[in-house]
Amino acid sequence: MKGFTLIEMLIAVAIVALLATLALPLAELGVQRDREQQLRSALRDLRGAIDAYKRASDEGRIEKKLDKSGFPPSLAVLVEGVKDARSPQNTKIYFLRRLPRDPLTGEQWGLRSYASPHDSPQAGDDVYDVFTRSTAVGLNGVPYKAW
C-alpha cells in the first residue's frame, strides 16, 4: 500500500471541513426545534393548570373573594396547592407537580393578569396567562412572546 500524498490529504481535509460546515446549520436547526417543542409543552402545561384553577374556583372548590377574578394569585400556588373548600378532610388541590422552566431564557415566565390588555401584558393581582420573555422569533416567523 502506498501512502497518501500531500494533495490527497488536503483534499480529504477540505471535504471533511465542507461536510462539517453543512452539518452545523442542521444541528442548530434541530436544537431550535427542540427548544420550541419544549416551549409549546411548557406553555400548554401552565395554561392548562391556570384553566383548571379557574374552573375549580368557578365550581366553588376554591374560596375566592367577590372582587377577585378566580385566577391563581401566582404560579407558585399551582404547585403548592390550595385547600379544597368542599373537602371535609381539608385536602389540597394540586395543579402542577413542578413549575416548568422557560426553555428559551431559563428565567421566570412573563405574567399577564386578567385586567391586563392582551397587546401589552402586565403582571397584576392574578395570573391569567404566561409568556416567554425571549425577544427571538420562532421558525414559523412569529415572535416567541406571542405564542
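Above this text is the structure in question.
As a convention, each chain's residues are numbered from 1 in the sequence order in which they are written. The model is predicted, so local features are restricted to residues of pLDDT at least 70 and side-chain atom pairs to those at 80 or more, both for listing and for counting; the totals for chains, interfaces and linings are taken over all residues. Side-chain figures throughout are based on the complete set of non-hydrogen atoms in the structure, without hydrogens or water.

Asker: What am I meant to see in the overall build of the chain here?
Answerer: Numbering of helices and strands runs from the N terminus; a helix is a DSSP stretch of H or I covering at least four residues, while a strand is a stretch of E covering at least two. The helix and strand tally for the chain stands at two helices and four strands. Along its sequence from the N terminus, the chain presents helices and strands in the succession α-α-β-β-β-β. Values of the radius of gyration come from C-alpha atoms, whereas the globule rule sets the reference at 2.2 Å times the count of residues to the power 0.38. The globule rule puts the C-alpha radius of gyration for 147 residues at 15 Å, and the 24 Å found for the chain is more than 25% above it. Of the contacts made within the chain by residues no fewer than 6 positions apart, 48% connect residues no fewer than 24 positions apart. The Shrake-Rupley method, run with a 1.4 Å probe sphere, supplies the accessible areas, and residue values consider only the shown protein chains as cover. Carbon and sulfur atoms form 57% of the exposed surface of the chain, whose accessible area is close to 10200 Å². Asp and Glu count as negative and Lys and Arg as positive, but His and the ends of the chain are not part of the count. The location of each charge is read from NZ of Lys, CZ of Arg, CG of Asp or CD of Glu. Within the chain, the 18 negative side-chain charges are centred at a point lying 3 Å from the centre of the 21 positive side-chain charges. Only heavy atoms matter for contacts: two residues are in contact if any of them lie within 4.5 Å across the pair.

Asker: Just checking my understanding: could you explain the nonpolar core for this structure?
Answerer: What tends to happen in soluble globular proteins is that the nonpolar side chains get buried as a cluster. Formed by 22 residues in total, the largest nonpolar core has its most connected members in Leu75, Leu78, Phe95, Trp109 and Val130. Contributions of two or more residues to this core are made by helix H1 (6-58) and helix H2 (76-80). By residue number, the principal contributor to this core is H1, which donates eight residues. Residues enter a nonpolar core if they are buried and are Ala, Val, Leu, Ile, Met, Phe, Trp, Tyr or Cys, with the set joined through side-chain atoms within 4.5 Å. Buried, partly exposed and exposed residues are distinguished by accessible area as a fraction of the type maximum, computed with a 1.4 Å probe on protein chains only: under 20%, between the cut-offs, and over 50%, respectively.

Asker: Help me understand the pattern of salt bridges in this model?
Answerer: For side chains bearing opposite charge, pairing can occur when the charged atoms are close. The term salt bridge refers to a side-chain nitrogen of Lys or Arg lying within 4 Å of a carboxyl oxygen of Asp or Glu. Within this structure, the stated rule accounts for five salt bridges. When the shortest N-O distance is used, the salt bridge between Arg40 and Glu36 registers 3.9 Å. Of this pair, Arg40 and Glu36 both sit in helix H1, separated by four residues, roughly a single helical turn. With relative accessibility at 36%, the residue Arg40 sits in the partly exposed group. Residue class for Glu36 comes out buried when judged on its relative accessible area of 4%. Close ionic contact of Lys54 with Asp58 constitutes a salt bridge, the shortest N to O distance being 3.0 Å. Here Lys54 pairs with Asp58, and both are found in helix H1, just four residues apart, close to one helical turn. By sharing partners, the salt bridges in this structure join Lys54, Asp58 and Lys64 into a single network.

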